[in-house]
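# Inside the fold
Read off the chains here:
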Amino acid sequence: MSHRLHLTPYNYDKLVRSNLRDFDLLSDSLFSLNHHNQSRALTMPLDIKETSNSYNVIADLPGLTKQDVKISIHDGNVLVLEAERKYENKVEGDKYYREERSSGYVSRSLALPDNADHDKISAKFENGVLTLTIDKKPVEHVTEKIRTIDIH
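### Concerning the pattern of salt bridges
Taken as a whole and judged by the stated rule, the model has 3 salt bridges. Of the charged contacts, one joins lysine 136 and glutamate 50 as a salt bridge, the two residues approaching to 2.5 Å between their closest N and O atoms. With a gap of 86 residues between them, lysine 136 in strand S7 (residues 129-136) and glutamate 50 in strand S1 (residues 46-50) connect regions that are remote in the sequence. The class of lysine 136 is buried, set by a relative accessible area of 19%. Judged by its relative accessible area of 51%, glutamate 50 falls in the exposed class. Put simply, lysine 86 and glutamate 84 hold a salt bridge, and the shortest N to O gap is 3.4 Å. A relative accessible area of 58% means that lysine 86 is categorised as exposed. We classify glutamate 84 as partly exposed; its relative accessible area is 35%.

### A look at the sheet that holds S7
Taken together, the 4 strands give an open sheet; going across it, the order is S1-S2-S7-S6, and neighbouring strands pair in antiparallel fashion. Taken across any chain shown, the strands that pair with only one partner, and hence form the sheet edges, are S1 and strand S6 (116-126). Strand-to-strand, the axes of this sheet are offset by a mean angle of 15 degrees, without reference to chain direction. As defined by bridge partners, S1 adjoins strand S2 (residues 54-60) across 5 bridges and the pair is classed as antiparallel.

### Digging into the packing of aromatic side chains
Counted by the stated rule, this structure contains 0 aromatic pairs. For the cation-ring pair, lysine 136 lies above tyrosine 55, with the distance from its terminal atom to the ring centre recorded as 5.1 Å.

Reading the values: rules and limits
- Along every chain, residues carry numbers that run from 1 in the direction the sequence is written.
- The model is predicted, so local features are restricted to residues of pLDDT at least 70 and side-chain atom pairs to those at 80 or more, both for listing and for counting; the totals for chains, interfaces and linings are taken over all residues.
- With hydrogens and water set aside, each side-chain value is computed from the structure's full complement of heavy atoms.
- For this document, the term salt bridge refers to a Lys or Arg side-chain nitrogen within 4 Å of an Asp or Glu carboxyl oxygen.
- Runs of E in the DSSP output that reach at least two residues are strands. Runs of H or I that reach at least four are helices, and both are numbered from the N terminus.
- When accessible area is computed with a 1.4 Å probe and restricted to protein chains, residues below 20% of their type maximum are described as buried, those above 50% as exposed, and intermediate ones as partly exposed.
- Any two strands are treated as partners once DSSP identifies two or more bridges connecting them.
- In this analysis, axes come from line fits to C-alpha atoms, helices being fitted only over the stretch in contact, and the angle between any two N-to-C directions falls in the range 0 to 180 degrees.
- Only Phe, Tyr and Trp rings take part, Trp by its six-membered ring, and two of them pair if their centres are within 6.5 Å. Stacked means planes under 30 degrees apart, edge-to-face means over 60, and tilted covers everything else.
- Two limits define a charge over a ring: the Lys NZ or Arg CZ must be within 6 Å of the ring centre, and within 35 degrees of the ring normal.

Here it is as structure tokens:
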């Protein structure tokens, strides 16, 4: 008695189309926002760059105003950016087919380098983009905070 292995030809295109269809169905159900009290989380994408005399933090906050944003420094060297978009009240009787705009609260915390001058930070908010410029201290004013630990 001989045992033969029967192989079925592999149809790669059919598998890819099937997986893409399944992904479309999954993403429609996961990201469909037709249900009450569901909304996407508010985000704050950042760019951080260093120039010869400053650090720049650029945050995208589309749809917000400068009154929706708070900037503070905590513990002497932690820059905290906070923003909030209030959830809009629904009008009784209106039909909502999608609710995709973000609402809620978002906060980002950034540890400032030792040479950042906390007294020379400027902020500008224009067209939903927050730009912070943090001047650098002159090199002679930067103190390095290194402490060695003895091993016993």
